[in-house]
Each structure stands twice: as structure tokens, then as C-alpha cells.
Amino acid sequence: MRAKTFAKGVHPWDFKELSKQRPTEVVKPGKRVVIPLHQHTGAPAEPLVKKGDRLLVGQKIGEAKGFISAPVHSSVSGTVLSVAPFLSPVGRKVLCVEIENDDGYEVNPSIRPCHEGIEEYTPQEVRESVREAGIVGLGGAAFPTAVKLSPPKDQTIDAVVLNGAECEPYLTTDHRLMLERADEILKAAEAVRMTVGAKEIHVGIEENKGDVIDLWSRKVKGIPHVHVEAVKTKYPQGGEKMLIKALLNREVPCGGLPFNVGVIVQNVGTLNAVYDSLTTGMPLIKRGLTISGDGVAKPSNLEVSIGTLFSDLIEGCGGYKGDVNRVLMGGPMMGISQSTDQVPVIKATSGILVMAGAAPGGKEYPCIGCNSCTNHCPMGLVPTTIVSLVRAGKAMESKDWGLTDCMECGTCAFVCPAHIPLVQWVRYGKAEYLKEKKRLESQG
Amino acid sequence: MLMAIIIMGGVAFFFSTVLVIADKKLRVEVDPRIEEIAALLPQANCGGCGFPGCKGYATAIVMNGAPVGKCAPSGAEVNEAIGRIMGVEVSERVRRVVRVHCRGAESVAARKALYVGIPSCQAVSMVQSGDKLCDWGCLGYGDCAKACPFGGITLGENGLPQVNEEVCTGCGLCVASCPKKILQLHGIDERVIVACRSEDPPKQAKSSCANACIGCGICARACPEAVEVKNHLACVKDPGGFSDECIAKLEKCPTGAIGPVDQGKAEALRAEGA
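Cut-offs applied
Residues numbered from 1 in each chain as written. Chains lettered and ligands numbered in written order. Predicted model: local features only at pLDDT ≥ 70, side-chain atom pairs only at ≥ 80, totals over all residues. Heavy atoms only, no water. Pairing = 2+ DSSP bridges. Helix = DSSP H or I, 4+ residues; strand = E, 2+ residues; numbered from the N terminus. Phe/Tyr/Trp six-rings, centres within 6.5 Å; stacked < 30°, edge-to-face > 60°. Lys NZ or Arg CZ within 6 Å of the ring centre and 35° of its normal. Patch = residues over 30% accessible without salt bridge, like charges linked within 9 Å, V, L, I, M, F, W, Y side chains within 5 Å. Areas by Shrake-Rupley, 256 points an atom, 1.4 Å probe, with all protein chains shown as cover. Salt bridge = Lys/Arg side-chain N within 4 Å of Asp/Glu carboxyl O. Buried < 20%, exposed > 50% of the residue type's maximum accessible area, 1.4 Å probe, protein only. Core = buried A, V, L, I, M, F, W, Y, C linked by side-chain atoms within 4.5 Å. Contact = heavy atoms within 4.5 Å. Polar contact = N/O pair within 3.5 Å; in protein donor to acceptor, adjacent residues only side chain to side chain. Domains from an automatic or database assignment. Buried area = accessible area lost by both parts, 1.4 Å probe.

For the rest of this paragraph, the subject is the sheet that holds strand β2 (residues 32–36) of chain A. Residue and element names in this part refer to chain A. Across the sheet, which stays open at both edges, the four strands sit in the order β2-β8-β7-β4 with antiparallel pairing between neighbours. The sheet is open, and its two borders are formed by β2 and β4 (54–55), each paired with just one other strand. In this sheet, strand β7 (residues 78–87) lies alongside β4 in antiparallel orientation, the contact comprising two bridges. Residue pairing for β7: Arg54 is matched across the bridge by Thr79.

Put into C-alpha cells, the structure is as follows:
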């Protein structure tokens, strides 16, 4: 059977052989841990601790403010050194809690699960526990999971999609999780399915993970409502809109969310966190990530505490190797370049890539109108026109061309033969658009 | 032939009559003052007054009673003339110019990373809040120079914007274009400027820029009426509170972040009556 997929997209070399055979190792954080209070999509959390306070593992240090927000918890036991702005890997300074780790890992005694088994939870308990545990989407966008589990009342959800595509090159943490924690993830998926009242579970796994597809197909044999399906190895197959199109042939409307077509999408890493939190009561204080790239001595898959500094992790993987050119948080397509390795792992850190050698791209040339970007854009946009409008200072007009529908996957910039920084222009345009919209609103 | 002349003449007469009647009946009264005021305004359409262009401002003055004297590029004379047309008194206002609040030239303020991408301050500031070690300093990609409709700002060789105060009209477009708020409007006769915006603690400020204000407070002790230190940064709280002797004492500033503005130039401009 031919693997399912979406229209357009690109085929970058996946570089997953660097780390996919390495089992997940648990690493302890360093002496100093920095935990940002804004690691998720939505409103930042408000600090609950102050300088000098003693913290225990799992203690809440930031309270969620508003519906779309998530609380933040301490991943170590120790003393608060300061509550101050530090550079976060997303590229701006955010309020952080800096903790001196006492290496005792004394657990907050109030942490215990609601129920013994994950099957005993009611939908409302699942939502509340997930919200209190500060669980967000671990695929990279860090959207609060509890919000996803609370679709509007008038919207029926009939399918839960498990995102095991992991389409970004280099990253293998989800690959390892699906091999090592298949039963746990499936149990959590069942809990999520019950919570939103869906009938079916669809698992989308890219073809390049043949061992996972075999394992999972065996696991779900005899369970009629769980479907494990191979999807084509193609970027950005793991985008939720792309995955829904591939697995269910439904199209999320412009400006809409997956629940508009009766679907919720959960990353396998998120479900692993949901399982852990529901069975132990421990909030989200660690996550899996991949350290890879040709600039690091030993590419690895790690289970890391939130707040561990990049420098500690890179050192633990044998340090830098060769002529290191850049450090990225996330995959090479959507990852964010870092200006320093003194930044902490946050809930959205799916990987740390260390690249050696010359930077990709090159001198920028004018657009030659080759249409490559349009032919590859998975959202069906015309990136070159959007960017031309933004460049001309017409961000408002570029909205009509789908400026705000762009998910910044980087496909257009990847294929552009003129090396135009299309994604950066789109981000710039989105900022200009919001500014202009605000200005017009304030004028009435 | 004759017939054609009569027909064409008749048609011409008929339509001209219609036009004359229409002109009388459908006339839209335009306040002649709008045209008069618009003619006085500089036609730079900079938008500094907050209205859409010079004609827009003229209309707003006459029709909606917008305050006279909002046009920064026009000198006092023009504003007075507009005041005469409208029959209002225009209060004397000090000419305002834009000044640069950063001395973090390429040689003293290090960059933290190599930036490859759109050469615009706005774009750079969205990545890692800029490529300079100092989070507050001028990024030097020249958004202000591009924004100035009068060509009053150039990027110097040191990577900092240089304002030609004779050309600057104080319209404020560059102020809005700067993501780091390095450019600010000042009265032309303000004598002292704090050319730094860094609120970082002293150690950090000094490590990221040799010319940064470190909040030591020497200036605040020298001119207690005029300067105070807030968030590790000297601030001018009263621009009029500087005496000659206290300005002389500002030379003790260890980094040169605070100091007198080039008075020669300011004097010359005042002498012009601008």
C-alpha cells in the first residue's frame, strides 16, 4: 500500500542515522538551573517564589494566568538564586527562576496521583490534572494541552491523531520514545480519546521509522479503533494540518484549528508526559530531546530536566567537535539559532543541534520568479508575493495573500535558489501586520 | 454646412447652460482657509502632526479645530501665519530635534553573534533581541535613516546614526522606527544628554559596552537638581536644572555616557532664530 501524505513539501536528507540507534539516557541537570516562566504559547506564568526560597522537585514556581497558559514547576530541589529576566532559547529575555541545585532531588511530599491506574480518571480529572501538571505540546509549539482537551461544547471530536511523524531532520527523540514507551503512550492516547469522546485513534509514523511501524502494528493488532499508518517521509509531514490531511483527508479551514474538522492532534512525546503525570502525579519537569549535528562529539537521545543549560548537555555529550558554526534549538528547518549556549532547556526544546562547517544559504539575489516556493508550500500559499508585499511595507495587503496562514515551516526558504530569507520576511511581516492592526483599532 | 453649425452651436449652448446651472446649484463650499493653510505647510507629508499629510492637517485645523502649531517641520513663522488665518494665538514653542541615546560604536560595543538575514533593525531585534551584546544599544542597521523623509540621518562610520540637527524637523518618524528607542526628541536648548539606555547592572553593562552608563551616580552627585540614577541608568529629570559649573563636573563620568551636547551647533541654530 502506498504511504499516505499531503500535497507539496520537500525531501531534505534526514540525518537521523546519527542518533536513532542510541537509547534514551537520563541526564541530571547541572549546578545551576534556569527555568523560564514563559515556555508555552499563551500568557506567561506569574512567579510564586522569591530569592532565597527553598524548592523541592515538582513544586509549582509559576502560576498559570488566563485560560491559554500553563503553570511551571521546579525540576530540582535547591535554593532560588534570583527571579530575573534571562535569555530564553526562543530569542528574547523572559522572567526566569534561577535555582542552585542541591543535588538532593527531594520530592515535594504533596505529589501523588489522583488514582492508581490511568483508566480510572474521569474526563474532567484528566483535564484538570493535565492543566495542573503544566503539560504543553512537546512537538515544538508548546500549546497548552489542557486547552486542546477542552474543545468548544458544540464541536464533536471523532478522531485523535497521534503525531509520530517527526519530520524534522536530525531529531530522533520521538522515534526512541515510540520504541521504548509504546504501551505507556497508547494508554495515554486511550485516556485522551476518552476525555474528548472520540471514536478512533490514528497514529501517523513516517516511513523512515520502519522498526516503530512494525512494533506498533503488532501492539494494536486486535484493537479495532486504533489505526497505525505509515506516512511518507516528507517535510513538513508532522505539521498537524498536513498530518490530518494525510491520515483523514480532511482540510483544516483557513484560520481554523484541528477541532474544526473534529480532530485533535497530540504529539507522542506529549502523551508520554501525560502518562507519567497521571500515574505518578509529577508535573512536567523533564522531556526527551535529541542532541545531534556534526559539531557535537556524541549525538544522543536524552531525558533532560527543564531548566538544564545547553552548555551542560553539550559537555555531557562529549563537547563541541570541529569548527562549530551554530547552535540551534529544534530541528534544522524550524529551529532557532542561539547566540550563546548559556540558555536553558524549555518545554519546547525538542532538540539541540550543533552545526559545524559553513552556514547554509549564501548571497541573496533578487527573486527570479521561478515559483519554487509556490510549488513546494504545503499550505498552498504564494510566498514570493507575500514577501514582496511585506518588503514594500504593505503587510496589511499581504494578509489577503495568506500572511497569517503561514506556519513558518521553512520549506520556501529551503528551496529558494536566490537564497531570499522568506521566512524571516514573513515573521517580520506578521509583526508589522499586528502593529498596523493595533494602530487601526486604536483609531477606531 | 450651415445646418451643422446651427446644430453644433445649439448643442454647445444647451450643455453650457446645463453646466452653468449645475455650477450654481451643486456648488460645494470649501473653506478657502484650508487651501491657504495647506499652501503654507511644507508639503513633506511626514505625518508627524498625526494627520494624514499636510492637506489632512490643514483640513483638520479648519474643520475639526485641531490645534495649530503641531507641524514640526514648519518654523515658528509658518505656525504664526496659520494662527493669524485661524485667529488664534500660537504659543511660542521650542524647536525640537532628535538626539541619539547610544555611544555603542562598533569599536566599543561587541556583537554577540554573526547575524545573517534581513538588514533592518526591526528584523534583527526580533532575533535574540538583536546581535549586540548590549540589549539596549543601537543595532546600526539604519532603520532611522530610511525613515527620515528629510535625509537628516546618516549612518556614521562607527555604525551609529548621525543626526543633522539643521535638517531635523522633529517630526518623530525615526523615533517610531527605532526598535530600541535610541532616538528621542529633545528641545534644541537642552544642554546635557545621557547617551545610553542600558538598565543592565554595572558589571554586565560594562562588559557589553565600554561607553555604557554604569549607574555610579557621580553625575547625580554633581548635579543633584538635574540628574538622578534609576535602574542603573542616569536620567535627566530637569533639563533646565544644569548650571555651568555642574556641567563642567560631568567630565568626571568614567565612561562618558553623560555629557554636554555640542553647544556650538546648538548656539548657531538658536542664532538663526529657528
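Right, let's talk about the packing of aromatic side chains for a bit. All told, the structure shown has five aromatic pairs over all chains when counted by the stated rule. Their ring planes at 70° and their centres at 5.2 Å tell us that Phe14 of chain B and Phe15 of chain B sit as a pair that is edge-to-face. With a centroid separation of 5.5 Å and 25° between ring planes, the pair formed by Phe51 of chain B and Tyr57 of chain B is classed as stacked. Lying over the aromatic face of Phe6 of chain A, Lys234 of chain A brings its terminal NZ or CZ to 4.4 Å of the ring centre. A cation over an aromatic ring shows up here: Lys363 of chain A above the ring of Tyr365 of chain A, its NZ or CZ 4.5 Å from the ring centre.

Within the open sheet, the six strands sit side by side as β1-β14-β13-β17-β15-β16 (chain A). Their pairing is mixed. The outermost strands of the open sheet, each flanked by one partner alone, are β1 (25–26) and β16 (336–338) of chain A.

All names here are of chain B. Residues Leu2, Met3, Ile6, Ile7, Met8, Val11, Phe14, Phe15 and Val18 make up a contiguous nonpolar surface patch of about 950 Å² in total accessible area. With respect to the helices and strands, Val18 occurs in helix α1 (residues 2–25). Residue Val18 is classed as partly exposed on the basis of its relative accessible area, which comes to 39%.

Formed by 62 residues in total, the largest nonpolar core has its most connected members in Val160, Leu162, Val203, Ile205, Trp216, Ile291 and Ile352 of chain A. Looking at this core, the element that brings in the most residues is helix α4 (residues 182–196) of chain A, giving eight residues. Beyond its immediate stretch of four places on either side in the chain, Ile205 of chain A contacts Gly164, Met178, Val212, Ile213, Trp216, Val228, Glu229, Ala230 and Val231 of chain A. Counting residues in each nonpolar core, the second largest holds 25 residues, with Leu381 and Tyr428 of chain A together with Ile118 and Ala123 of chain B among its members.

Residue and element names in this part refer to chain A. Mapped onto the secondary structure, Asn163 falls in strand β9 (residues 159–164). What makes Asn163 buried here is its relative accessible area of 9%. Polar contacts involving the side chain of Asn163 include one to the main-chain amide nitrogen of Ala165, which spans 3.1 Å. With residues near it in sequence (within four places) discarded, Asn163 still touches Gly204, Gly238, Leu243, Val265, Gln266, Asn267 and Val268.

For the rest of this paragraph, the subject is the domain arrangement of chain A. Frequently, the measure chosen for interface size is the accessible area that the parts lose on association. All names here are of chain A. Partitioning chain A into domains gives domain 1 (115–280) and domain 2 (372–442). For domain 1 and domain 2, the distance between their C-alpha centres works out to 30 Å. Across the contact, six residues belong to domain 1 and six residues belong to domain 2. In total, about 480 Å² of surface goes out of reach between domain 1 and domain 2, with carbon and sulfur atoms giving 69% of it.

Time to look at the environment of Ser91 of chain B. Residue and element names in this part refer to chain B. Its location among the elements puts Ser91 in the loop between α4 (76–86) and β1 (96–100). Judged by its relative accessible area of 57%, Ser91 is exposed. Along the chain, Ser91 and Ala76 lie 15 residues apart, while their C-alpha atoms are 9.4 Å from each other.

All names here are of chain A. With respect to burial, strand β17 (residues 351–356) is a largely interior element, six of its six residues being buried. Across the two faces of β17 the burial is the same, with Gly351, Leu353 and Met355 and Ile352, Val354 and Ala356 all buried. Direction of pairing for strand β13 (residues 286–292) relative to β17: parallel, over a ladder of three bridges. Looking at the pairing, Thr290 lines up with Gly351 of β17.

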